[in-house]
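# Breakdown of the fold
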Amino acid sequence: PMTTFTKPAILAALLIPAAAFAQLDVGQQLGSTESDVRAALTDMGYEVQEIEIDDGEIEAEVVLDGVELEIEIAMDTGLIIEIETEDDDEASDD
């Protein structure tokens, strides 16, 4: 039978105290694939809203403690190249 670790992993993530949340920094290594980036951000306590690959960059929209961030990662290096907060007063043009 196939074993899945999804539920315990999710439960374990929910039990991590807020103090364990990591700070993101430009130049930090997150991973060069969508799944690596998602896993890294989730491990740090961020809720991943959306991830897309655009023009050699991975763009991730995440939320932590009610603060929305947009993170851009270079696919060739896996490093964060830009972090933007989403709370500046700009009209959202989805």
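Residues numbered from 1 in each chain as written. Predicted model: local features only at pLDDT ≥ 70, side-chain atom pairs only at ≥ 80, totals over all residues. Heavy atoms only, no water.

Next up on the list: a negative patch on the surface. Residues E50, E52, D54 and D55 make up a contiguous surface patch of negative charge. Within the secondary structure, E52 sits in strand β1 (residues 47–54). (Patch = residues over 30% accessible without salt bridge, like charges linked within 9 Å, V, L, I, M, F, W, Y side chains within 5 Å. Areas by Shrake-Rupley, 256 points an atom, 1.4 Å probe, with all protein chains shown as cover. Salt bridge = Lys/Arg side-chain N within 4 Å of Asp/Glu carboxyl O. Lys, Arg positive; Asp, Glu negative; His and termini not counted. Charge placed at Lys NZ, Arg CZ, Asp CG, Glu CD. Helix = DSSP H or I, 4+ residues; strand = E, 2+ residues; numbered from the N terminus.)

Take the environment of G56 next. With respect to the secondary-structure elements, G56 resides in the loop between β1 and β2 (57–64). Relative accessible area serves as the criterion here: at 44%, G56 is assigned to the partly exposed category. Each C-alpha atom, one on G56 and one on I73, is 8.8 Å from the other, the two residues being 17 residues apart in sequence. Apart from residues no more than four positions distant in its own chain, G56 is found in contact with I73, A74 and M75. (Buried < 20%, exposed > 50% of the residue type's maximum accessible area, 1.4 Å probe, protein only. Contact = heavy atoms within 4.5 Å.)

With that settled, the discussion passes to the nonpolar core. Judged by nonpolar contacts, the single largest core of 17 residues is most densely connected at L24, L30, V37, L41, Y46, V62 and I71. Mapped onto this core, the elements with two or more residues apiece are α2 (34–43), β1, β2 and β3 (67–74). Among the elements that make up this core, the one with the highest residue count is β2 (four residues). (Core = buried A, V, L, I, M, F, W, Y, C linked by side-chain atoms within 4.5 Å.)

Before going further, it helps to examine the pairing of β3. Counting buried residues along β3, six of its eight residues qualify, which places the element largely inside the surrounding structure. Pairing analysis gives eight bridges linking β2 to β3, with the strands arranged antiparallel. Across the sheet, L64 pairs through a bridge with V67, a residue of β3. The antiparallel hairpin formed by β2 and β3 contains two residues in its connecting segment, where D65 sits at a positive phi of about 50°. In the sheet, β3 pairs with strand β4 (residues 80–85) via five bridges, with the strands oriented antiparallel. (Pairing = 2+ DSSP bridges.)

An order of β1-β2-β3-β4 is seen for the four strands of this open sheet, with the pairing classed as antiparallel. Only two strands of the sheet have a single partner each, and these edge strands are β1 and β4. Taken pair by pair, the neighbouring strands of this sheet meet at an average axis angle of 15°, ignoring direction. Contacts from α2 reach β1, β2 and β3, with the element oriented near 155° to β1. (Axes fitted to C-alpha atoms, helices over the stretch in contact; angles between N-to-C directions.)

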